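Close look at the chain arrangement
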Amino acid sequence: MKKAIILFLLITSFANQLLAQKLTAQASKTTVAVGEPFQVTFSLNGNGNDLKIAHLNEFEIYQGPYNSSSTTVVNGVVSQSFSLTYVIGAKKEGKFTLGPATVNVGGTIIQSNALTIDVGKATANSNSNNAGRQNNAQNPSAGRPAGNNIFIEAKPNKTKVYVGEELSVLYKVYTKVDILQFIISKMPSLDGCFVQDGKTSQAQTSETIDGENFVTGEVKKSYVIPQRTGKIVIDPMEADCIIRQQSNKRSRDIFDQLFGGGYEEVKYKIKSRPITIEVLPLPATDKPADFSGAVGNYSFKASISKDNVKANEAINLTITITGKGNIKLIDPLKINFPEDFETYDPKITQNTTTNDGLGGSKTFDYLIIPRHEGNYKIDHLTFSFFDPEKKEYVTLPSPEFNIHVEKGEHADAGASVYAPQNKEELKVLGDDIRYIKTNTPVFSSADEHFFGSILFYLGLLLPVLGFIAFIVIRKRNIEMNKDVVAVRERKATQMARKRLTVAEQNLKANNKEQFYMEISQALYGYVSNKLNISSANLTKEHITAVLKQKKVSEDTIANLLSTIDTCEYARYAPNAASGDLQTIYNNTVELITTLENEIR
Amino acid sequence: MKSGNLLMLLLCILFSLHGNAGQYNATFDSANAAYLKKNYEKAIRLYELITADNQQSPELYFNLGNAYYQNGDIAAAILNYERAKRLDPGDEDIQVNLKLANQKTEDKIEPAPEMFLTELQNKLVQLMNERTWSILCIISLSIGLLLIAVFIAAKTNALKKAGFYGGVAFIGLTLVTFFIARVSYSSARRHQEAIITTAAVTVLGSPSESSTKLFILHKGSKVLITEESSDWIEVRIANGNVGWIKKDLVERI
């Protein structure tokens, strides 16, 4: 290594010899942010003094100047070189000119080139570099500019992948110098990706890049599985490393020079280049219905522990998926267990390997308990995945499982003891509309309405008409009935008078029996007609009640009853009858007149 | 004479129904057969043949609604379920399917609380169709008058009392049923309710294209038409919001 550096210096010195004396100004960056430190080096291949730099005041000098000079004697020819290095930062935004610098070489003034520095806005991370500012000779963000001694490179194995397809990113460090310490200070953050680290080989190899030999070592290997489509940028990896470098300062200590002196430990901050990965969506065509995002190449196996059990005995259904791909991201399969089975969430065990890509196996253990006897079937399960190499979907089926469940031993006992628990709620398996009606419909015109139609009003009118008819007929009947009563009432006195006339004739003829009969008939007939009592109801009690209702005085009623009694007594026992016939006759006439007055 | 005329009228109606009934029933049956074979488009076409002849029945609208539902046209399904419901408000199948179809519409409108009497009236109107209410009205009038006649003619006090109170109650019931039948009739005749048949409708503040946009309704939502001008209608939705839309964006129930 050291040899190589010395050789390099010799070669450059020799080359300088051929050139005329020249002053060059070199900046590590020409585009910087405000406050960002950068290095400006003025070098002269020869001897000179009195270096003056124009416009340096517009920048803030962080460190320096550092002098370095070297004298080389090759084949008796002495060549000298001299350089002056500043670490400076811009004070404000804008475009500034630095330099030119002038130097006096043996009486002649040599002018250097001027540098134009473009100063942009201060960025947040510009200050974070302060720690490494002192020796930050490399341009950290530019990845690998020519002439760098150390850098990291991130190498993806592919830059175009499908969603869920795995890619690997290998971070390698390339160096031409001795690395004392290497610390990864910032891991790349990967939004929308699943990342798993893989194994790296410890061996150091050498590689030649652009004709330069580098020692390389694998720092880190990541397996990245993008979870979204579009462009994904993998941020740079940042590392702090301490290397051993030949010192710029000339050491005054002889021992230093003797024992590996002239070297110093320099802290570098290095960064890899960001990588852009294009993530393609999975093809939409021929996507199986049960596809749930598995990408890779898998095999699939399903088995049940037993297929002939008693009710309430547990069965294990084991599903194993083995293969290469994002095995961690495989979801449990959707299994249509018979509705009556009690099922639990699966126990998931997984075993992943990172040798030569992600892979492994994942096992889902389902515990299922049939609760009732019968024959049940688990439809064949399918597992679908997308094979990114073949660029097609693959669906793997499992066999169907037929499970015969016998009646459980304690089913009856359980049924009587735990009767309420055995009741199951009706399971609603889905919602669907009710089926169409198939009975023969009665069609009607769309504009047809019953309300307001003639039929409706007729329907309303009919009962009203019926009611009116009822009222009219009833009224007429009452009227007619009323007439019959009035007629009988009117005729009552007349009839009584006729009977009394006949009785008077009998009286004169002294025909007692006939007389009493006529008197009795006259009284009964009068009461019957006057009070509208049918002959069937013509009892003394009824007559009394009706007369009382008609507010006839008690005396009159008693008189009437005694007269009727006398007549009836006389009729059935004529000889025993007492009293004057004339008195009875007069009494009867008087009684009828009183009744006529009192009945209202 | 009167009853003779009535009989003639009834016979006429029965005959006019019977005359075309065979043809419509045949179409209806073949439409049902197409539905069974999941040929929903054919079923729709056949059902619509009957409706095109201005014929209606709850079964026809219900089956047509089902066919539209299966065919994915939820708005048309709702429209026909609503029509079926108007003809037979008590049918459970119609209510269930209408509810299911309504769950599939985009607008979820919370109905605004209504006054107790309005709610009661709506519930009563929706209980039975206009024809049933009308027939109930006639029946209750007949019973009411009969009971009043009993009241008049009764000889005993208890019968008189029963006749009087019963008669008054039934005459009251007659008035109520007449009122409900009238409300039901007028809403059915004026076709005040409508279903949005356009994918998305912007409801405006006034009947003019340039007026303020109030809210957006989607296909299948039910609106009540509260006012009408030449080609604009003012609509009210269940939560009480009111606005104007173009007439041809809705289909009346």
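Counting of residues starts from 1 at the beginning of each chain's written sequence and follows it residue by residue. Written order determines the labels here, with chains lettered from A and ligands numbered from 1. Confidence filtering applies because this is a predicted model: local features only for residues at pLDDT of at least 70, side-chain atom pairs given and counted only at 80 or more, and all residues used for totals across whole chains, interfaces and linings. Note: side-chain values were computed over all heavy atoms of the structure, leaving out hydrogens and water.

On to the overall build of chain A. Looking only at helices and strands, one finds nine helices and 32 strands in chain A. With a 1.4 Å probe rolled over the protein chains alone, any residue whose accessible area is under 20% of its type maximum counts as buried; one over 50% counts as exposed, and the rest are partly exposed. Across the 600 residues that make up chain A, the buried fraction comes to 38%. Should any heavy atoms of two residues lie within 4.5 Å, those residues are considered in contact. Long-range pairs, those at least 24 residues apart, make up 72% of the contacts in chain A between residues at least 6 apart in sequence. Computed with a 1.4 Å probe, the accessible areas rest on the Shrake-Rupley method; for each residue, only the protein chains presented here act as cover. Of the roughly 34700 Å² that chain A leaves accessible, carbon and sulfur atoms contribute 50%. For the purposes of this entry, the term helix denotes a DSSP run of H or I that reaches at least four residues, the term strand denotes a run of E that reaches at least two, and both are numbered from the N terminus.

The subject of this paragraph is the interface of chain A and chain B. Across the contact, 34 residues belong to chain A and 52 residues belong to chain B. At the boundary of chain A with chain B, total buried surface from both sides reaches about 4100 Å², with 68% on carbon and sulfur atoms. What gets called buried area is simply the loss in accessible area from a 1.4 Å probe that two parts show on being joined, summed for both. It is A:K437, A:F443 and A:F451 that lose the most area in chain A upon contact with chain B, and together they represent 21% of the buried surface on that side. When a carboxyl oxygen of Asp or Glu is within 4 Å of a side-chain nitrogen of Lys or Arg, the pair counts as a salt bridge. At the junction of chain A and chain B, the tally comes to four salt bridges. Note that A:R434 and B:E92 form a salt bridge whose closest N and O atoms lie 3.2 Å from each other. Pairs of N or O atoms within 3.5 Å make up the polar contacts considered here, provided that, within protein, one atom can donate a hydrogen while the other can accept it, and that residues adjacent in sequence are counted only when both atoms are side-chain atoms. At the junction of chain A and chain B, the tally comes to ten residue pairs in polar contact (both at pLDDT 80 or more).

Formed by 35 residues in total, the largest nonpolar core has its most connected members in B:Y35, B:Y47, B:Y69 and B:Y81. Among the secondary structure elements, those contributing two or more residues to this core are α1 (2-36), α2 (40-52), α3 (58-70), α4 (74-87) and α5 (92-103) of chain B. Leave out the neighbours within four places in its chain, and B:Y81 touches A:I433, B:Y61, B:F62, B:G65, B:N66, B:Y69, B:I94, B:N97, B:L98 and B:A101. Counting 31 residues, the second-largest nonpolar core is a separate cluster that includes A:F515, A:L581, A:L595 and A:I599. In these notes, a set of buried Ala, Val, Leu, Ile, Met, Phe, Trp, Tyr and Cys residues joined through side-chain atoms within 4.5 Å is what counts as a nonpolar core.

Looking now at the sheet that holds strand β31 (residues 401-406) of chain A. All names here are of chain A. Pairing between two strands requires that DSSP report at least two bridges joining them. Ordered by their spatial adjacency, three strands build an open sheet running β23-β31-β28, and the pairing between neighbours is mixed. Strands at the two margins of the open sheet, each flanked by one partner only, are β23 (308-310) and β28 (374-378). Direction aside, the axes of adjacent strands within the sheet are offset by 30 degrees on average. With three bridges joining them, β23 and β31 adopt parallel strand pairing. Bridge pairing links N308 to H404 in β31. A fitted line through C-alpha atoms represents every axis, and for helices the fit uses only the stretch in contact; the resulting angles, taken between N-to-C directions, go from 0 to 180 degrees.

Looking now at the sheet that holds strand β4 (residues 49-53) of chain A. All names here are of chain A. Read across the open sheet, the three strands follow the order β4-β8-β9; overall the sheet is antiparallel. Edge positions in the sheet fall to β4 and β9 (108-111), since each of these pairs with one other strand and no more. With direction set aside, neighbouring strand axes in the sheet form an average angle of 20 degrees. Here four bridges tie strand β8 (residues 101-105) to β9, and the two strands are oriented antiparallel to one another. Bridged to V105 within β9 is T108.

This part is about the pattern of salt bridges. Scanning the model with the defined rule gives 19 salt bridges over all chains in all. With a closest N to O distance of 3.4 Å, A:R273 and A:E153 form a salt bridge. With A:R273 in the loop between β20 (263-271) and β21 (275-280) and A:E153 in strand β11 (residues 150-156), this pair connects stretches of sequence that are 120 residues apart. With relative accessibility at 44%, the residue A:R273 sits in the partly exposed group. A residue is classified by how much of its surface remains accessible, and A:E153, at 18% relative accessible area, is buried. Here B:R83 makes a salt bridge to B:E251, at a shortest N to O gap of 3.5 Å. One end of the pair, B:R83, is in helix α4; the other, B:E251, is in strand β8 (residues 250-252), and 168 residues separate them in sequence. For B:R83, a relative accessible area of 16% gives the class buried. Salt bridges linked by common partners bring A:R434, A:K437, B:D91, B:E92 and B:D93 together as one network.

What follows concerns α3(B). For an α-helix, the turn length of 3.6 residues means that residues three or four places apart are oriented alike. Residue and element names in this part refer to chain B. Multiply 1.5 Å by the residue count of a helix minus one, and that product is the helix's expected span. Between its terminal C-alpha atoms α3 stretches 18 Å, which fits the 18 Å expected from 13 residues at 1.5 Å a residue. For α3, the buried fraction is high: twelve of the 13 residues fall into the buried class. Residues of α3 that are buried include every one of P58, E59, L60, Y61, F62, N63, L64, G65, N66, A67, Y68 and Y69, and no others. Backbone geometry just downstream of α3 places G72 in the positive-phi region, at approximately 95 degrees.

Okay, the packing of aromatic side chains next. For Phe, Tyr and Trp, rings pair up if their centres lie within 6.5 Å, where Trp contributes its six-membered ring, and each pair is then called stacked (planes under 30 degrees apart), edge-to-face (over 60) or tilted (otherwise). Inspection of the entire model under this criterion finds 28 aromatic pairs over all chains. Judged by centre distance (6.1 Å) and plane angle (80 degrees), the ring pair of A:Y174 and A:F214 falls under edge-to-face. Taken together, the residues span a long stretch of sequence, with A:Y174 in strand β13 (residues 167-175) and A:F214 in strand β17 (residues 212-226) at a distance of 40 residues. One exposure class covers both A:Y174 and A:F214, and it is buried. Both rings, one in A:F451 and one in A:F456, keep their centres 4.8 Å apart while their planes meet at 35 degrees; by these two values the pair is tilted. Under the relative-accessibility criterion, A:F451 is labelled buried at 4%. In this structure A:F456 comes out as buried when scored by relative accessible area, which is 0%. An aromatic cluster is defined as three or more aromatic residues linked by ring pairs; in this entry it consists of A:F450, A:F451, A:F456, A:Y457, B:F178 and B:Y185. We note A:K437 situated over the ring of B:F62; from NZ or CZ to the ring centre the distance is 5.0 Å. Between the NZ or CZ atom of B:K160 and the centre of the ring of B:F151, over which it lies, the distance is 5.5 Å. By definition here, charges over rings are those cases where NZ of Lys or CZ of Arg is within 6 Å of the ring centre and within 35 degrees of the ring normal.

What follows covers the pairing of strand β29 (residues 382-387) of chain A. Extensive coverage of β29(A) is indicated by the burial of five of its six residues. Taken together, β29(A) and the strand that follows it, strand β30 (residues 392-397) of chain A, pair antiparallel across an intervening segment of four residues, in which A:K391 is found at a positive phi of about 60 degrees.

Right, let's get into the environment of A:D290. Its place among the elements puts A:D290 in the loop between β21 and β22 (296-304). For A:D290, the residues in contact, after removing those within four places along its chain, are A:T382, A:F383 and A:S384.

All names here are of chain B. Close contact between α2 and α3 brings their axes to 9 Å; oriented N to C, the two are set at 150 degrees. For the element pair α2 / α3, the angle class is roughly antiparallel. Of the two elements, α2 crosses α3, and the hand of that crossing is left-handed. In this structure, α2 contributes Y40, A43, I44, Y47, E48, I50 and T51 to the contact, and α3 contributes L60, Y61, N63, L64, A67, Y68 and Q70. In what follows, roughly perpendicular refers to angles from 65 to 115 degrees, roughly parallel to angles under 35, roughly antiparallel to angles over 145, and oblique to any angle outside these ranges. When the near helix sits turned anticlockwise from the far one by under a right angle, the crossing is termed left-handed; a clockwise turn instead gives a right-handed crossing.

We now examine the side chain of A:S528. You can see A:S528 is positioned in helix α6 (residues 512-531). Beyond its immediate stretch of four places on either side in the chain, A:S528 contacts A:R488, A:I533 and A:L538.

Residue and element names in this part refer to chain A. Note on placement: E278 falls in strand β21. Judged by its relative accessible area of 31%, E278 is partly exposed. In this structure the C-alpha to C-alpha distance between E278 and I232, which are 46 residues apart in sequence, comes to 6.3 Å. Apart from the residues within four sequence positions on either side, E278 is in contact with T159, K160, V161 and G230.

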